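The chain contents come next:
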Amino acid sequence: MKKINVITVDGPSASGKGELSRKIAFDYRFKILDSGLLYRLFAYLHKKNSDYEEIADKIKNEIIFQSKREAIYVFDQNNDITNKLRTEEIAKEASKLSSRDNVRKSLFDIQRSFYNDKGLVADGRDMGTVVFKDAKLKIFLLASSKVRAKRRYLELQNLGQEVNMPALIDDIEKRDLKDSTRKLSPLTPADDAYVIDSSNMSLEEVYSYTKKLINKEFI
Ligand code: DC
């Protein structure tokens, strides 16, 4: 299989994939795909329209993604809808819809279309196992559910949302179980992925290890 210039960063929710991916993308000038955000967007649009094809067409033709170092912003006809996608309610809906074959199929080509040969960092659950099986470098980022709940807590608090820690841990564990036991594209590391447990590591430590892997595979 011809390997393409993609770094996949898979792992459970709030494992630090987003931050790591953005850091790599900006430092190495790679494009970025946050596939979880696409599933969230799908769930958000699905509230108003139940036709999967129309939702996929809208994502392809009307939605604008703007990648910044601190976050990826999503615009629907000039309206910034990013914060509407970053709620626990939408995350749950996205997790539910993501177990459906036709939802995954409608998003497959959209995800592949983010690739250009200058390089792409693809963040998600099945980037290394399904969407970019041909990626040059695959990372699977883990962290304990308590550490992840704490990170998500801070993230939601920063967005001004009210959060309850025990409920958050419970939500995260339930969603992990659902994401990793579903039949289609379950959350699991690819055979050729580097698995990093970041429970006791700072983002800087994870990044410095990742840079060594990038230098080994890409340079
Ligand atoms: O990474 P996230 O929390 O924003 O993802 C939201 C949901 O989308 C997650 O619970 C599962 C689903 N998802 C998926 O099934 N496959 C992906 N590649 C990314 C996300």
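Structural data are supplied above this passage.
What counts, and at which threshold
- Residues numbered from 1 in each chain as written.
- Predicted model: local features only at pLDDT ≥ 70, side-chain atom pairs only at ≥ 80, totals over all residues.
- Heavy atoms only, no water.
- Pairing = 2+ DSSP bridges.
- Helix = DSSP H or I, 4+ residues; strand = E, 2+ residues; numbered from the N terminus.
- Axes fitted to C-alpha atoms, helices over the stretch in contact; angles between N-to-C directions.
- Phe/Tyr/Trp six-rings, centres within 6.5 Å; stacked < 30°, edge-to-face > 60°.
- Near = heavy atom within 4 Å.
- Polar contact = N/O pair within 3.5 Å; in protein donor to acceptor, adjacent residues only side chain to side chain.
- Areas by Shrake-Rupley, 256 points an atom, 1.4 Å probe, with all protein chains shown as cover.
- 1 Å grid on protein atoms, 1.4 Å probe; cavity = no way out; pocket = protein on both sides within 12 Å on 5 of 7 lines; lining within 4 Å.
- Sits in = over half its atoms within 2 Å of the grid points.
- Nonpolar A, V, L, I, M, F, W, Y, C, P; charged D, E, K, R; others polar.

Things to note about the sheet that holds strand β2 (residues 31–34)
Taken in spatial order, the 5 strands make up an open sheet running β2-β6-β1-β7-β8, and their pairing is parallel. With one partner strand each, in any of the chains shown, β2 and β8 (194–197) form the two edges of the open sheet. For this sheet, the mean inter-axis angle between neighbouring strands, taken without regard to orientation, is 20 degrees. By the bridge criterion, 4 bridges tie strand β7 (residues 135–142) to β8 in an arrangement that is parallel.

Describing the sheet that holds strand β5 (residues 79–80)
Read across the open sheet, the 3 strands follow the order β3-β4-β5; overall the sheet is antiparallel. If you trace the sheet from one side to the other, it starts and ends with β3 (63–67) and β5, each paired once. Bridge count for β3 against strand β4 (residues 72–76) is 5 bridges, and the pairing is antiparallel. Within the sheet, the bridge partner assigned to F65 lies in β4 and is V74.

What to know about the packing of aromatic side chains
Under the criterion given, the structure shown has 4 aromatic pairs. Pairing F30 with F218 gives two aromatic rings, centres 5.7 Å apart and planes at 55 degrees, and the pair type is tilted. One end of the pair, F30, is in the loop between α1 (17–28) and β2; the other, F218, is in helix α10 (residues 203–218), and 188 residues separate them in sequence. An aromatic cluster is built from Y28, F30 and F218, whose rings are joined through pairwise contacts.

Re the site of the ligand
The environment of the ligand is made up of 17 residues, and the closest members are R40, R104, R125, D126 and R182. Between the ligand and the protein, one listed contact pairs a nitrogen atom with a side-chain N or O atom of S35 at 3.0 Å. R125 places a side-chain nitrogen or oxygen 2.8 Å from an oxygen atom of the ligand. If the ligand stood free it would expose 450 Å²; the protein chains cover 98% of that surface. Applying the majority rule of atoms within 2 Å of the grid points places the ligand in the largest pocket. Of all elements in the fold, only α2 (35–46), α5 (88–97) and α9 (165–181) reach the threshold of two or more residues within the shell around the ligand. Taken together, the residues of the shell around the ligand break down into 3 nonpolar, 6 polar and 8 charged.

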